[in-house]
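Chain by chain, the residues:
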Amino acid sequence: MVGKLIKKIFGTKNERELRKLWPIVKKINEIEVSLQSLPDEALREKTIKWKEEIASIKDKQEVARRLDEILPEAFAVVKNACRRLLGKEIEVRGHKVIWDMVPFDVQILGGIVLHQGKIAEMATGEGKTLVATMPVYLNALTGRGVHLVTVNDYLAARDSEWMGAVYKFLGLTVGCILHDQPPSVRRQQYACDVTYGTNAEFGFDYLRDNGMALFAEEQVQRGHYYAIIDEVDSILIDEARTPLIISGPAVVNIDNEVYVKFKPAIESLIRAQTRLCDKFLDEAEKLYQKLHPQDGSNPPDAEKLEHEIGLLLYKAKLGNPKSPKLLKLMENPECVRLANEAELQLHADQSKRELYAQKEELFFAIDEKHNDADLTEKGRLFLRPDDPNAFVLPDLITAYHEIDQNPNLDPLKRVEAKSKVQEDFERKSQQIHAISQLLKAYCLFEKDVDYVVQDNKVIIVDEHTGRLMIGRRWSDGLHQAVEAKEGVEIERETQTLATITIQNYFRLYEKLAGMTGTAETEAQEFFDIYKLGVNVIPTNKPCQRKDFNDSVYKTKREKFNAVLNEIIEYHKQGRPLLVGTVSVEASEHLSGMLKRAGIPHSVLNAKYHQQEAEIIARAGQRGAVTIATNMAGRGTDIKLGPGVAELGGLHVIGTERHEARRIDRQLRGRCARQGDPGSSHFFISLEDDLMRLFGSDRIVKIMERIGIEEGQELQHPLLNRSIENAQKRVEQHNFQIRKRTLEYDDVMNKQREIIYGFRNEIIHAEDVRDRLMDIMEEVVVLKIGQYSSAANEPHEWNIRGLVDWVNFNFPLSLTEKEVIDVALSSHEEPVPGSLFDGLSAAQFGVCVYIINKIREAYELKAKFEDPENIKKVERITILSAIDKLWQEHLYYMDSLRNAIGLRAYGQRDPLIEYKAEAFKSFEELMVNIKTEICHNIFRSATSLAAFEQFLRSLAQQQAAQRPAPQPMQSSPRSQNTNKSDMVDEVTQEISKGRTVRSGPKVGRNDPCPCGSGKKYKRCCGR
Ligand SMILES: Nc1ncnc2c1ncn2[C@@H]1O[C@H](COP(=O)(O)OP(=O)(O)OP(=O)(O)O)[C@@H](O)[C@H]1O
Ligand SMILES: [Mg+2]
């Protein structure tokens, strides 16, 4: 009811909004007529004039206002350019294409919606590619670069060439980002007025520019002004579940052997569980016969029997949900009901004692909905009967404490004892972790569904699109576990070097718009996350598609037989068929059936975009049968062959309902484009994951009531509704997951902005020496605070610690006596509000003394350096510290996310915990980055010779200042070990003509990155 109401409101709101736009369309058409008499040159001149004019406007809002103003004329110019191109030959992806398009009114309407920063829902085949040219042209007049985002490289290249004809005609430049381009080429493409590319390429370029580039010349993008996303639902919703990640070898390496070692144990555990569950099922079958005796009588203990059967089935489901035996029993709706009732009853009990007891009969419990598998006590004993403590982690803090308290241990022994405890801890936790990941790999990850094995590698299959995600790895050891399971080579653990979610990448744009055939069902999410409204644009010609009711079967087997029969029947009539599947496995299964039936067909798995696009383009020919996962050939037009329209057009068959209604609508929309005839029909079985996991009891009840026979199909509009409700539930569930991912990434996002901001400042600064010295000062103040206190007299300070720290980091040969002398003779208080605020006069004096000495030493050092290169070195000193520690931080944050998941048991909101921890560790990160930078100031040089010269000169200077040679000897470390070691990797990298990484800092007066709203110096920067 409510849904209908909302839809009604939505509908009218949509109509209201569109009604306002129609007069603009009319105006555009009028202007276009007047343009027809102009020479070509006159059109191009308009582009130039507008560009000049808009470039002169500085205020962004003013620019936006002006664009709105010229919209009608600009759109008319594009439409007119299309007209002038009619009949011209264009080369698109190696084929000659004759231009034959002038935008229809509905396309102009869609273009206006895109310009307004909204999503235009336009059915497949309505010509969205062309729609985009109008807002792209208008917004490109700003010269700030408009990005058009596509779902794959092929479409990016195709559309940039195809639509490029219009832009070029009008005097705009067009670029396209493709996978293998080097940075220099990419920069050129981004410099164009319009740039086509996939979301991954845009996102990765952003990460490389901001997280990895060391010099401005290495950066390729030039800001994020306006993006139009084609197939926006696929990108902002389906792809948004997995963040973009640039990874490299892990800093911490986990021993991969442990996966191999436990593999046999896990395999026998799984066999034991299978046997156990089979036993439960046999038992359940026996009881079922008792419940329904042959004579048809009603047993007196029917209720008890029912409960017992339910429990047995529930346990079997928990232990081995995909067991064929179980699935067979569950074909009987009564069994489904009994199992559901038993489960409900167990969960209804507050104490969950009985639930727990039932679970403990198993070796492990599988939770398919949450993708989790958990060992029970019984399972643990099975795996390690010899060692009951194998799964108990030692309490490190207590153990350390005991070691510290043990009077029999000398310091060396204590260290040894502690490292033994530590090792034991690490070994055990690795084992526990590996076992749990192996269990998941075996129970929840199915070959050819979740992944495929190719060339001795495990490749993830995207569950929504069926595409192979080459190069992506599951994190946290799961990938290694699956590799162990499949017996392929186990690859090294990788870690995140830079990452961003799709959501946060696209939020960078000042203006965003999107187009797709299917957005309406996800309108809420688009609005919540991206603030994108949706407008549904009417089709150019009325849609003629006939959608049949869904056909429901009890088993997959029956369903596929029915699909096959329908294919044979339509194929006989000569009608082309497009059969959609939700997985590569289903495609292959069906393909096998078609082969046996002798029906020629093609199978597309969204692997080879260009080839598949060509095949799908022919899918509308007479007699063609095409099987495709839902992303295969998306964006490619299916034109009907001669005579096909008379037969009824393309027939689309869905072999399963997808989790999201949107994807089903997308499949349906492949036929009946531009007013063509066409039809669609979905087939479902109760064994489909969607029905098994999310199907309501209602469907089961309907089935039970009607009592369908083997092979019999069920069709009813009511069923369509129930199925749709199941889909809505899953959509909600998935939305929550994506929202959660985003909430977690939002924490990272703030941190990323600060770090990237800091980095960029350093990269773009003319001269970073001031920053370097500022950082040094901050760190010295921080260290003074650690080794001394305003409340204590100088002789109570840890002066040795301070002097050691200074001499370790800077070539000063500072002595304790110097510090004491300075401290005792200083009486000036620091200026309130300055960096030194809060220090005592003595502390302040020492601070200034040390800082000045460091500055002097640095100036001396700089004298010997190559003046151009020293700038580079300084930049890299900062950047390398940032990058190194930021990556370690990312690694830590990854593991934090995983660890926090477990804390949810403690009744605390894991997100809040995560935020608190993330905040704390970011504070530490900022301090560590600065300390690291400080540490490296004197450890880098433009050349070894310059450095040696500096050291010699420094020694002379110090000797001159302090006639007694004694200080030099008193701190031999600073002379020998330190200084000669100082030229380290930074210098080496420089001499190789390359650079290492660096990092940024937050200004003391900037708002604190943690989001507290305070100034940084009053918050994390204290
Ligand atoms: N104004 C027009 N006049 C004539 N043909 C057009 C026009 N606009 C688009 N077309 C044709 O319609 C077909 C579909 O176009 P396009 O691929 O852009 O559709 P789409 O909306 O992007 O579909 P999909 O959802 O499949 O990506 C193309 O063959 C194109 O040439
Ligand atoms: Mg398209």
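To start, this report covers the structure provided alongside it. Note that this is a predicted model, so its numbers are computed, not measured.

Quick notes on the sheet that holds strand S12 (residues 457-461)
Moving on, step 1. Read across the open sheet, the 3 strands follow the order S11-S12-S13; overall the sheet is antiparallel. On the outer flanks of this sheet lie strand S11 (451-454) and strand S13 (468-469), each paired with one strand and no other.
Moving on, step 2. In the sheet, S11 pairs with S12 via 4 bridges, with the strands oriented antiparallel. For Tyr 451, the partnering residue across the bridge sits in S12 and is Ile 460.
Moving on, step 3. Of the strands in this sheet, S11 and S12 touch helix H20 (residues 478-486), which is tilted by about 120° from S12.

Some remarks on the side chain of Asn 720
Moving on, step 1. Considering the arrangement of structural elements, one finds Asn 720 in helix H30 (residues 717-764).
Moving on, step 2. Polar side-chain contacts of Asn 720 include one of 3.2 Å to the backbone nitrogen of Asp 550.
Moving on, step 3. Sequence-distant contacts of Asn 720, defined by excluding residues within four places in its chain, comprise Asn 549 and Asp 550.

Side note on H20
Moving on, step 1. For H20, a buried count of 8 out of 9 residues is recorded, marking the element as mostly surrounded by other parts of the structure.
Moving on, step 2. Three or more residues of H20 are buried, namely Leu 478, His 479, Gln 480, Ala 481, Val 482, Glu 483, Ala 484 and Lys 485.
Moving on, step 3. The positive-phi residue at the C-terminal boundary of H20 is Gly 487, with phi of around 70°.

Topic: the nonpolar core
Moving on, step 1. With 112 residues, the main nonpolar core has Leu 236, Phe 506 and Phe 526 as its most contacted residues.
Moving on, step 2. The biggest single contributor to this core is helix H35 (residues 867-903), with 12 residues.
Moving on, step 3. Apart from residues no more than four positions distant in its own chain, Phe 506 is found in contact with Val 149, Asn 199, Ile 229, Ile 235, Leu 236 and Leu 512.
Moving on, step 4. Counting 64 residues, the second largest nonpolar core, distinct from the first, contains Leu 18, Val 25, Leu 43 and Leu 138.

Quick notes on the site of ligand 1
Moving on, step 1. Surveying the vicinity of ligand 1 reveals 20 residues, the closest of which are Val 102, Lys 128, Thr 129, Asp 637 and Lys 639.
Moving on, step 2. Within the backbone of Glu 126, one N or O atom sits 3.4 Å away from an oxygen atom of ligand 1.
Moving on, step 3. At 2.6 Å, a side-chain N or O of Asp 637 approaches an oxygen atom of ligand 1.
Moving on, step 4. Here the shell around ligand 1 takes 3 residues from helix H5 (residues 128-131), the largest share from any one element.

Let's talk about the packing of helix H3 (residues 60-85) against helix H6 (residues 133-140)
Moving on, step 1. Where H3 contacts H6, the axes come no closer than 9 Å and their chain directions differ by 125°. The angle between the axes of H3 and H6 places the two elements in the oblique class. The element H3 and its partner H6 pack so that their crossing is right-handed. Contacts from Leu 67, Ile 70, Leu 71, Ala 74, Phe 75, Val 77 and Val 78 of H3 reach H6 at Thr 133, Met 134, Pro 135, Tyr 137, Leu 138 and Asn 139.
Moving on, step 2. Residues that form the contact of H3 with H6 fall into these classes: 11 nonpolar, 2 polar and no charged.

Thresholds, definitions, all that
- Residues numbered from 1 in each chain as written.
- Chains lettered and ligands numbered in written order.
- Predicted model: local features only at pLDDT ≥ 70, side-chain atom pairs only at ≥ 80, totals over all residues.
- Heavy atoms only, no water.
- Pairing = 2+ DSSP bridges.
- Helix = DSSP H or I, 4+ residues; strand = E, 2+ residues; numbered from the N terminus.
- Contact = heavy atoms within 4.5 Å.
- Axes fitted to C-alpha atoms, helices over the stretch in contact; angles between N-to-C directions.
- Polar contact = N/O pair within 3.5 Å; in protein donor to acceptor, adjacent residues only side chain to side chain.
- Buried < 20%, exposed > 50% of the residue type's maximum accessible area, 1.4 Å probe, protein only.
- Core = buried A, V, L, I, M, F, W, Y, C linked by side-chain atoms within 4.5 Å.
- Near = heavy atom within 4 Å.
- Parallel < 35°, antiparallel > 145°, perpendicular 65-115°, else oblique.
- Left-handed = near helix turned anticlockwise from the far one by under 90°.
- Nonpolar A, V, L, I, M, F, W, Y, C, P; charged D, E, K, R; others polar.

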